[in-house]
Amino acid sequence: MSSFGFSVAAAAAATPLIASAQPAFVAPVAGGFLTPSRSPATAAAAGAAGAKTVAIPQAAPLAAPVFRGEASSASSGPVISQAEGPEAASGWEQYGKAALAASLGGFVASLAARRGGARRLARRLRGPVGGLRVATVDTKESQNIQTTSKESSLVVRSELDDVEDSIAEFVPKISALQSQAELLRSGELKNVLTTMKELRKSELRGVFSEVDQLLCALVDAIDGLRDSAQSIRTSELRQQFERMDRDAKAWVDNVERDAVESLTGYRAEKQTVDTMMEVHVIGLSHHKAPVDVREKLAVPEAEWNKYAQELIEFARTPSGYVIPEVAVLSTCNRFELYFASPELKKFSAIECVQAFLRQKSGLEREELDPYLFTHSGEGATTHLFEVSSGLDSLVLGEAQILAQVKACHNRSIEKVDENSEEGAYAGSGGKIIAKMLNAGIRMGKLVRTRTKIGKGSVSVSSAAVELMMAKSMGDLRKVSNNVHICILGAGKMSRLLLIALFSKNPEAHVTVVNRNVANAQAMLDDELVAARGGKNAKVASMDEMMDVIAKSDVIFAATASKEPILKAADVSGREKAVQLIDISVPRNIGADCSEVENVHSYSVDDLKKVVQANADKRKSEVIKAKRYIGDEVQKFKLWQASQGAVPYLAALQTMAENIRRSETEKMSQKLRGLHEKEREAVDKLTRHIIDQLFRPIYYSMKDNEEIEAKRSKIWALKNMFKLEPEYKRRLLSQGETPAQLNA
């Protein structure tokens, strides 16, 4: 987190420091000197002696207006007096206003220069500048500031709760500071800036330097608070600080540009790189959208690529494609569109997608928009990684969503050739979206490997198997892999039970008892069941139920019966122990069975306890999972930013190759006597020279740095060599295949 952005967040808390660190300076002027005075008495004395005075108010509390700049001999703030002389200049009241305006301008300039720039500027301007002599902040005041910094650091380090309280206090103060600045900019600041332009540059420099040194001390005062915030290990709290830092930076950037425009008439725009792409996701899920809305946007997997290409065509303009890359993820619980657009067109891209969804669903804006969510940039990548990790699922940590993200990735990179089926559509993932989906798959695997987010059963059927395996040794004196199992019923719950059982032990000895034997056999032959095991499984009719129960160690009951089908009399008199696990509602196993000797009976209530315990364990792993996700998001963000340089690097290679060939042609007459192999050696040598010269540039684009620094590098590369982006796959034009924007 930069000290620049965070200093804005802490400025409200540090306001008393500014008030206590009033600078004193002495400036020679025509006919006298400006002398500092900090008390009304001094001001009155100066007035009585025939001196003109200009009052500059002290720093007021945050909520009060400041920088009035009005002349007053009885002000409570420091007073600058001028001794009368034969050549005394008139208009010192205007000069006081202008000096105050210069101080405000110095505040903006210091923020723009950041901490290091401010210190360099202060050192460069210290000493006589244009006839002005500038003094530094008093030593005692500087020590007070440093002491306050240390105390702030200790408070922040003490407890996490204290830091959260500090954040809660900073936020309204930042808002108040912004509101105050807006009032200044729209009112008095405009008049003050007009007066500032009439002053001589030497006078401005002196005042700017004084304010600059004061701000250097302020930055030092909040360093301890910033360092303490950076040492916090909780990722969510760190993200809050970083978000505050980014918001503050954006706000001050706007203030900088407004101030520069007011002073010079020139609007300083940010460096734009038209090759940089941004990722987005728009969709709806089980969190907010009801089923009747989700089903209007649901798309079968076989039509995902067709749907993506329809969106790309919908967003096409005469100048090209607004959305060149799209991937569709549609399941029973969610519908999401992952897409990329040029960074400069991101707002129009989002609006195009929302209009397309309204058209496809037949819903009006007010009917659909309340259920849609939209994330861009880092937020979109974080959302995908949380989805693939199971953090956004209805059942926390469930693994099915990872398979669905894999299907989304495979569809997005699917290719179509002459051997493809008729009506097949190529994937529209492109380089950026395909890479992001692939990173999401890796993220899902990493979270499940390094955390216990997927451990423990969170469904009744899986919990029943887990309970059986945990209790088998204590109840039956047998290892769970050696028990004989009977399953009563062949419905949905029995199918899920078999999947969970064969996932743990593919060679389990199982007998399925059902009224309709054909249905029981069909359940064993089910694709998902058979894929996990079942070679030792068989079926039996209800007539054989009691015989099968007598030979079994574990009985699972999962029928649709409204009355118990097993009672105490049916299991009494057994010589060996037996487990009865009822996963049905209403109960299929009588409550009196638990009173029979050698019978260990468990109901749905027992299974819910297992489910809840496992769910609680998974929740405790969420923080760890989000920490991994945050790290991977930053890695992807760095790679994504570096891709903006690829078209310019390709253009640079082309330019260098053209120069190499041109110079080689010029020397062709002198190289005429070389043999073919010698010509090839010379050609290879010149190619290697170019590669070695450009290699540092290529590696520099992969540096781990801030996005703005990366953007500046690409912008400098573009302007240094006067390059136009060159796309290896060409820009999209009429009739070309979509998803080809990136190099």
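The notes below deal with the structure included here. (Residues numbered from 1 in each chain as written. Predicted model: local features only at pLDDT ≥ 70, side-chain atom pairs only at ≥ 80, totals over all residues. Heavy atoms only, no water.)

Quick notes on the overall build of the chain
- Check the secondary structure of the chain and you find 27 helices and 16 strands.
- Looking at the chain as a whole, 44% of its 743 residues are labelled buried.
- By sequence separation, contacts in the chain at least 24 residues apart represent 76% of the contacts at least 6 residues apart.
- In the form shown here, the chain has an accessible surface area of approximately 38,300 Å², with 52% of it arising from carbon and sulfur atoms. (Helix = DSSP H or I, 4+ residues; strand = E, 2+ residues; numbered from the N terminus. Buried < 20%, exposed > 50% of the residue type's maximum accessible area, 1.4 Å probe, protein only. Contact = heavy atoms within 4.5 Å. Areas by Shrake-Rupley, 256 points an atom, 1.4 Å probe, with all protein chains shown as cover.)

Observations concerning the pattern of salt bridges
- Taken as a whole and assessed by the stated rule, the structure comprises 28 salt bridges.
- We note a salt bridge from Glu621 to Lys624, for which the minimum N-O separation is 3.7 Å.
- Since its relative accessible area comes to 11%, Glu621 is described here as buried.
- The shortest N-O distance in the salt bridge between Glu657 and Arg660 comes to 2.7 Å. Of this pair, Glu657 and Arg660 both sit in helix α25 (residues 646-666), three residues apart, which is roughly one turn of that helix.
- A residue is classified by how much of its surface remains accessible, and Glu657, at 18% relative accessible area, is buried.
- Look at the salt bridges and you will find they share partners, linking Glu657, Arg660, Arg661, Asp683 and Arg687 into a network. (Salt bridge = Lys/Arg side-chain N within 4 Å of Asp/Glu carboxyl O.)

Section: unusual backbone geometry
- Cis geometry marks the peptide bond from Val585 to Pro586; its omega dihedral reads 5 degrees.
- Topologically, Pro586 is positioned in the loop between β15 (578-582) and β16 (599-602).
- The residue Arg477 is not glycine, and still its phi comes out positive at about 60 degrees.

Details of a nonpolar patch on the surface
- Taken together, the side chains of Leu685, Ile689 and Leu693 define a hydrophobic patch exposed on the protein surface, amounting to about 310 Å² of accessible area.
- Mapped onto the fold, Leu693 is located in helix α26 (residues 676-700). (Patch = residues over 30% accessible without salt bridge, like charges linked within 9 Å, V, L, I, M, F, W, Y side chains within 5 Å.)

Overview of the pairing of strand β9 (residues 334-342)
- Most of β9 sits inside the fold, with nine of its nine residues counted as buried.
- Bridge count between strand β5 (residues 277-285) and β9: nine bridges; the pairing is antiparallel. From the neighbouring strand, Met277 faces β9, where its bridge partner is Pro342.
- Here strand β8 (residues 325-330) runs beside β9; their pairing, made up of six bridges, is antiparallel. Bridge pairing in β9 links Val328 to Leu337.
- Counting the residues between successive antiparallel strands, the hairpin from β8 to β9 contains three residues. (Pairing = 2+ DSSP bridges.)

Details of the sheet that holds β8
- The strand order across the open sheet built from four strands is β8-β9-β5-β10, with neighbouring strands paired in antiparallel fashion. Two strands lie at the open edges of the sheet, namely β8 and β10 (373-376), each paired on one side alone. Pairwise comparison of adjacent strand axes, ignoring direction, gives a mean angle of 15 degrees for this sheet.
- Relative to the sheet, helix α14 (residues 378-388) contacts β5, β9 and β10, its axis offset from that of β10 by approximately 115 degrees.
- With respect to the sheet, helix α15 (residues 400-412) is in contact with β8 and β9, its orientation differing from that of β8 by roughly 145 degrees. (Axes fitted to C-alpha atoms, helices over the stretch in contact; angles between N-to-C directions.)

As for the environment of Ala399
- Along the chain, the position of Ala399 falls in the loop between α14 and α15.
- Relative accessible area serves as the criterion here: at 51%, Ala399 is assigned to the exposed category.
- Considered as a pair, Ala399 and Ser388 are 11 residues apart in the sequence and their alpha carbons are 8.4 Å apart.

Some points on the packing of α25 against helix α27 (residues 707-720)
- In the contact formed by α25 and α27, the axes pass within 10 Å of each other and the chain directions differ by 30 degrees. Classified by the angle their axes make, α25 and α27 are roughly parallel. Between α25 and α27 lies a crossing of left-handed hand. On α27, the residues touching Tyr648, Leu649 and Leu652 of α25 are Ile714, Leu717 and Lys718. (Parallel < 35°, antiparallel > 145°, perpendicular 65-115°, else oblique. Left-handed = near helix turned anticlockwise from the far one by under 90°.)

Overview of the packing of aromatic side chains
- Per the stated rule, a full pass over the model turns up five aromatic pairs.
- Between the aromatic rings of Phe636 and Trp639, the centroid separation amounts to 5.7 Å while the plane-to-plane angle is 35 degrees, which identifies the pairing as tilted. In this pair, Phe636 and Trp639 both sit in helix α24 (residues 622-642), three residues apart, roughly one turn of the helix.
- When its relative accessible area of 22% is taken as the criterion, Trp639 is described as partly exposed.
- Taken together, the ring pairs in this structure connect Tyr307, Phe314, Phe335 and Phe356 into an aromatic cluster.
- Over the ring of Trp639 we find Lys435; its NZ or CZ atom is 5.3 Å from the centre of that ring. (Phe/Tyr/Trp six-rings, centres within 6.5 Å; stacked < 30°, edge-to-face > 60°. Lys NZ or Arg CZ within 6 Å of the ring centre and 35° of its normal.)

Let's talk about the sheet that holds β15
- Ordered by their spatial adjacency, six strands build an open sheet running β13-β12-β11-β14-β15-β16, and the pairing between neighbours is parallel. Here the strands that pair on one side only, and so sit at the sheet edges, are β13 (537-540) and β16. If you compare each strand with its neighbour and ignore which way they point, the axes differ by 20 degrees on average.
- Here strand β11 (residues 484-488) pairs with strand β14 (residues 554-557) via four bridges, running parallel. Looking across to β14, one finds that Ile485 is bridged to Val554.
- Set on the sheet, helix α17 (residues 460-476) makes contact with β11, β14, β15 and β16; between it and β15 the angle comes to about 160 degrees.
- Contacts between helix α19 (residues 517-524) and the sheet are confined to β12 (509-513) and β13, with β13 contributing the most and set at about 165 degrees to the helix.

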